Amino acid sequence: MGERIEYESCSPFEIHHILNQLDSTPKHPVFGELFLPTGEGPFACVVACHGSRGWSDHHMDHANHWLDAGIAVFRVHSFDSRQVESVVDNQMLATHAMMLADAFAALGVLNDDARIDSNKIGIVGWSLGGTVALYAAWEPIISAFGNHRFAAHLPFYPAAHMRPVVQDWSNAPVLILHGDADDWTPIHFVKSLMPQIPDVQLHEYAGCHHAFDSIEPKTWLPHAIHIDDKTVEIDADGMMSGELEPGVRMPLNEPAERFAAFQILQNIGAHACGDAEARADAMERASAFWVSHLA
C-alpha cells in the first residue's frame, strides 16, 4: 500500500473553465497514494492518472516496474475522490479537465515534499488519463495552474482530438504509446496533433487495440463513448467548439452542450484487448523513457 496523501483540488468541467474560470471554481479535497522505491531520496517521481474505468491491475504492473527502477509513483484517485466508479458510458461524471486539476495540484504537493526531486516529476496516464498526460504539456494549461510543469509526459492511447488554435507546447519530452487498431481513441488523432508538439515521439503497436498493455481478452464494450473523426477546437479565448456537420459548429464548453453533442453523434461501442508482446515492450519502453528523462 502507498501512503495516502489528501490535498486540495477543484472540478472545472472543461478546459474552457481551466482557462477562464479556474479562480471561481469551488475547491474540494482529493487524494492520492505515494509509493516510494527503496533507497534514499530525493526520488524522481511519476504522477499517474487512470483511465475511464478507473485503476486497473496493469497500471500497477507498470508502477512496480518504475519503482524497481528507483522512481516514485503518485497515483491520483480522481474518481474515488468524487464517488465515481467509471465514466465509460457517461463522460460527464468526471472529466479530463477535473483530472488535469488533480494532476497539477498533485504536482504542487510533490514539489513541496522533501522526499521528491521537484525537477524530476513526470506524468503518465492511460486512455482518459492519457489525455490528461498529453494536454498537461499545453502551455496555456500550465500557465493557468501556476506555471508548475512536468519534466516528461507519457500518454498511453490518449484521446487526442482537441485542437488548440494557440500552438504553444512545453519543450518537455513526450512519448505516446498507441495501438493502430484502437477504435476507442483512434491513433489518427495523435498523428495529426504531433506537428504542434516540439519534442514528441509515437510508438505504434501494429494490430493492437485499446488497453493493449493489459492482460484482458478481447472485449466489446457496447456503451463505451468513443471518438471517430471529429476534432474539438479550442480558440485563443479558450472557447471550445466542434463541427458536427459541414459548416455547422456547436459550442462545447458547458455540460448541456456536451450532452447535446453526445445525443447527436451517438458514438458508442469500442474494443479493449491485451496483447502479450506489446505489453512486454511497453513495460520496458516506458521504464526506459523515465530512466532516460528523470532518473
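Only a predicted model underlies this, so the values are computations on that prediction, with no experimental measurement involved. (Residues numbered from 1 in each chain as written. Predicted model: local features only at pLDDT ≥ 70, side-chain atom pairs only at ≥ 80, totals over all residues. Heavy atoms only, no water.)

Colleague: Just to check I follow, could you spell out the nonpolar core for this structure?
Modeller: Within the largest apolar cluster, 65 residues are counted, with the highest numbers of intra-cluster contacts made by Ile15, Phe74, Leu100, Phe104 and Phe150. When residues in this core are grouped by element, the largest group, 11 residues, is from helix 3 (residues 96-111). In this structure Phe150 touches Val47, Ala103, Phe104, Leu107, Ile121, Gly122, Ile123, Ala136 and Ala172, once residues within four positions along its chain are discounted. Listed in part, the 34 residues of the second largest apolar core include Phe35, Tyr205, Ala278 and Trp290. (Core = buried A, V, L, I, M, F, W, Y, C linked by side-chain atoms within 4.5 Å. Buried < 20%, exposed > 50% of the residue type's maximum accessible area, 1.4 Å probe, protein only. Helix = DSSP H or I, 4+ residues; strand = E, 2+ residues; numbered from the N terminus. Contact = heavy atoms within 4.5 Å.)

Colleague: Before we go on, may I ask you to explain the pattern of salt bridges in this structure?
Modeller: Opposite charge on two side chains permits pairing when their charged atoms draw close. Scanning the model with the defined rule gives 12 salt bridges in all. Ionic pairing is found between Glu216 and Arg53, a salt bridge with its closest N-O pair at 2.9 Å. Note that Glu216 is positioned in the loop between strand 9 (200-205) and strand 10 (219-225) and Arg53 in the loop between strand 3 (43-49) and helix 2 (57-68), a separation of 163 residues in sequence. Note on Arg53: relative accessible area 31%, which makes it partly exposed. Notably, a salt bridge pairs Asp113 with Arg115, separated by 2.9 Å at the nearest N-O pair. Owing to a relative accessible area of 13%, Asp113 belongs among the buried residues under this scheme. Look at Arg115 and you get partly exposed, because its relative accessible area is 31%. A network of salt bridges, in which partner residues are shared, links Glu3, Asp113 and Arg115. (Salt bridge = Lys/Arg side-chain N within 4 Å of Asp/Glu carboxyl O.)

Colleague: Sorry, what's going on with the packing of aromatic side chains here?
Modeller: In this description, an aromatic ring pair is defined by two values, namely the gap between the centres and the angle between the planes. Within the structure shown, the criterion is met by 12 aromatic pairs. Joined through ring pairs, the aromatic side chains of Trp55, Trp66, Trp126, Phe156, Tyr157, Tyr205, Phe212, Phe289 and Trp290 make up one cluster. Between Arg4 and the ring centre of Phe31, over which it is positioned, the NZ or CZ distance is 3.8 Å. A cation over an aromatic ring shows up here: Arg75 above the ring of Trp55, its NZ or CZ 4.8 Å from the ring centre. (Phe/Tyr/Trp six-rings, centres within 6.5 Å; stacked < 30°, edge-to-face > 60°. Lys NZ or Arg CZ within 6 Å of the ring centre and 35° of its normal.)

Colleague: What is the right way to read the sheet that holds strand 9 from this model?
Modeller: By definition, the strands of a sheet pair up through backbone hydrogen bonds, in either a parallel or an antiparallel sense. As summarised here, the arrangement of the eight strands in space is 1-2-4-3-5-6-8-9, forming an open sheet in which the pairing is mixed. Two strands bound the open sheet, and with one partner strand each, they are strand 1 (3-10) and strand 9. Each strand axis lies, on average, 25° off the axis of its neighbour in the sheet, ignoring direction. Where helix 4 (residues 128-135) meets the sheet, it contacts strand 3, strand 5 (116-126), strand 6 (153-156) and strand 8 (174-179), and its direction lies at approximately 135° from that of strand 5. (Pairing = 2+ DSSP bridges. Axes fitted to C-alpha atoms, helices over the stretch in contact; angles between N-to-C directions.)

Colleague: Any chance you could explain helix 3 here in plain terms?
Modeller: Every α-helix carries 3.6 residues per turn, so stepping three or four residues along brings you back to the same face. Spanning 16 residues, helix 3 covers 22 Å between terminal C-alpha atoms, matching the ideal 22 Å at 1.5 Å per step. For helix 3, the tally of buried residues reaches 14 of 16 residues, placing the bulk of the element in the interior. (Expected span 1.5 Å × (residues − 1).)

Colleague: When you look at the sheet that holds strand 13 (residues 248-251) in this model, what are you seeing that I'm missing?
Modeller: Spatially, four strands are ordered 7-11-12-13 in an open sheet, and the strand pairing comes out mixed. Edge positions in the sheet fall to strand 7 (162-164) and strand 13, since each has one partner strand and no second. Averaged over all neighbouring strand pairs, the angle between strand axes comes to 30°, with direction disregarded. With three bridges joining them, strand 11 (residues 232-234) and strand 12 (residues 240-245) adopt antiparallel strand pairing. Bridging across to strand 12, Ile234 finds its partner in Met240.

Colleague: Can you walk me through the side chain of Ser9 in this structure?
Modeller: Structurally, Ser9 is set in strand 1. When neighbours within four sequence positions are excluded, Ser9 is seen to be in contact with Pro26, Lys27, His28, Val30, Arg82, Ala101, Asp102 and Ala105.

Colleague: Explanation requested: the packing of helix 2 against helix 8 (residues 276-293) in the structure shown.
Modeller: Helix-helix packing: each pair is described by the crossing angle between the helix axes and the interaxial distance. Running from N to C, helix 2 and helix 8 point in directions that differ by 45°, and their axes come no closer than 9 Å. When the axis of helix 2 is compared with that of helix 8, the two are oblique. Considering the relative orientation of helix 2 and helix 8, their crossing is right-handed. Facing His58, Asp61, His62, His65 and Trp66 of helix 2, the residues of helix 8 in contact are Arg279, Ala282, Met283, Glu284, Ala286, Ser287 and Trp290. Looking at side-chain class alone, the contact of helix 2 with helix 8 contains five nonpolar, four polar and three charged residues. (Parallel < 35°, antiparallel > 145°, perpendicular 65-115°, else oblique. Left-handed = near helix turned anticlockwise from the far one by under 90°. Nonpolar A, V, L, I, M, F, W, Y, C, P; charged D, E, K, R; others polar.)

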